[in-house]
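Results of the structural survey
One-letter residues, chain by chain:
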Amino acid sequence: MKKRTVICELEEYDTSSKLPANEADLLSSAITARKNSYAPYSKFNVGAAVLLEGGKVVLGNNQENACYPSGLCAERVALYAAAANYPGKKILGIAISAGSKLHKVDRPVGPCGNCRQSIMEYEVKQQTPIFLIMQGDEGVILKSNSLQNIMPISFDDSFLGDY
């Protein structure tokens with residue numbers, strides 16, 4: 001047996017004012033998007049803001065459904081809207097803001113596994129990293145300079161061979 005260590009390196013900020021201005025604005029956009037999410041069942045609201053090359057910001061928020069699997073996460077709503085409406089534009093970064101109507105979310109919430117895989121697909125497709133900024137209702141802000149950083153052993157098209 002051989003052991004392997006995988007390191008996840010994140011930047012931590014105690015306030016958004018310490019982020020670069022465009023990243024603080026992106027997080028603010030994610031907070032705005034969160035306030036418009038549709039989460040009547042879980043009461044867990046998530047907003048996402050995708051920054052495209054050229055400065056365009058595309059918003060998304062979680063959309064629940066009484067038939068739970070039919071809903072969609074904020075990150076994928078924003079990603080897919082960006083890809084559909086701005087094809088060919090590189091995704092530079094994504095800010096995620098999460099909160100609950102039942103309790104305070106006092107730590108950053110990362111993307112779920114499905115969203116991580118979707119973001120990874122865009123990193124691979126565009127061959128450039130996508131930064132992530134994550135925050136709860138309050139508390140510290142975490143930043144990853146690439147999805148690969150928080151998902152180092154990932155699945156991509158290289159495993160599919162000649163498809």
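Everything in this summary refers to the structure shown in the same document. Everything numeric in this text was worked out from a predicted model, so none of it was measured.

Considerations on helix α2 (residues 74–85)
Its 12 residues give α2 an end-to-end C-alpha distance of 16 Å, which sits within 8% of 16 Å, the value for a rise of 1.5 Å per residue. Residues Ala74, Glu75, Arg76, Ala78, Leu79 and Ala82 constitute the buried set of α2. Where the residues of α2 are buried, they touch β2 (44–52), β3 (57–61), β4 (91–100) and α3 (113–126).

Digging into the sheet that holds β4
Consider a sheet: its strands pair through backbone hydrogen bonds, and that pairing is either parallel or antiparallel. Spatial strand order, β1-β6-β5-β4-β2-β3: six strands in an open sheet with mixed pairing. Two strands lie at the open edges of the sheet, namely β1 (11–13) and β3, each paired on one side alone. Taking the axes of each pair of neighbouring strands and ignoring which way they run, one obtains an average angle of 15° across the sheet. Along the sheet, helix α1 (residues 21–35) contacts β2, β3, β4, β5 (131–135) and β6 (141–144); its crossing angle with β2, the most-contacted strand, is approximately 140°.

Observations concerning the pattern of salt bridges
In the structure shown here, the tally under the stated rule is four salt bridges. In this structure, the salt-bridge partner of Lys143 is Glu23, at a minimum N-O distance of 2.8 Å. One end of the pair, Lys143, is in strand β6; the other, Glu23, is in helix α1, and 120 residues separate them in sequence. Taken individually, Lys143 and Glu23 each receive the classification buried, so the pair is uniform in this respect. Where Arg107 meets Asp106, a salt bridge forms, and the shortest distance between an N and an O atom there is 4.0 Å.

Section: the nonpolar core
Counting 23 residues, the largest nonpolar core has Val50, Ile91, Ile94, Ile119, Leu132 and Leu147 as the members making the most contacts within it. Within the residue set of this core, elements represented by two or more residues are β2, α2, β4, α3, β5 and α4 (147–150). Each residue touching Leu147, except ones within four places of it in the same chain, is listed here: Arg116, Ile119, Met120, Glu123, Ile130 and Leu132. Among the nonpolar cores identified, the runner-up in size contains 12 residues, and Tyr13, Ala24, Leu27 and Ile133 belong to it.

Reading the values: the criteria
- Residues numbered from 1 in each chain as written.
- Predicted model: local features only at pLDDT ≥ 70, side-chain atom pairs only at ≥ 80, totals over all residues.
- Heavy atoms only, no water.
- Helix = DSSP H or I, 4+ residues; strand = E, 2+ residues; numbered from the N terminus.
- Expected span 1.5 Å × (residues − 1).
- Buried < 20%, exposed > 50% of the residue type's maximum accessible area, 1.4 Å probe, protein only.
- Contact = heavy atoms within 4.5 Å.
- Pairing = 2+ DSSP bridges.
- Axes fitted to C-alpha atoms, helices over the stretch in contact; angles between N-to-C directions.
- Salt bridge = Lys/Arg side-chain N within 4 Å of Asp/Glu carboxyl O.
- Core = buried A, V, L, I, M, F, W, Y, C linked by side-chain atoms within 4.5 Å.

All we've got here are geometric facts, nothing functional implied.
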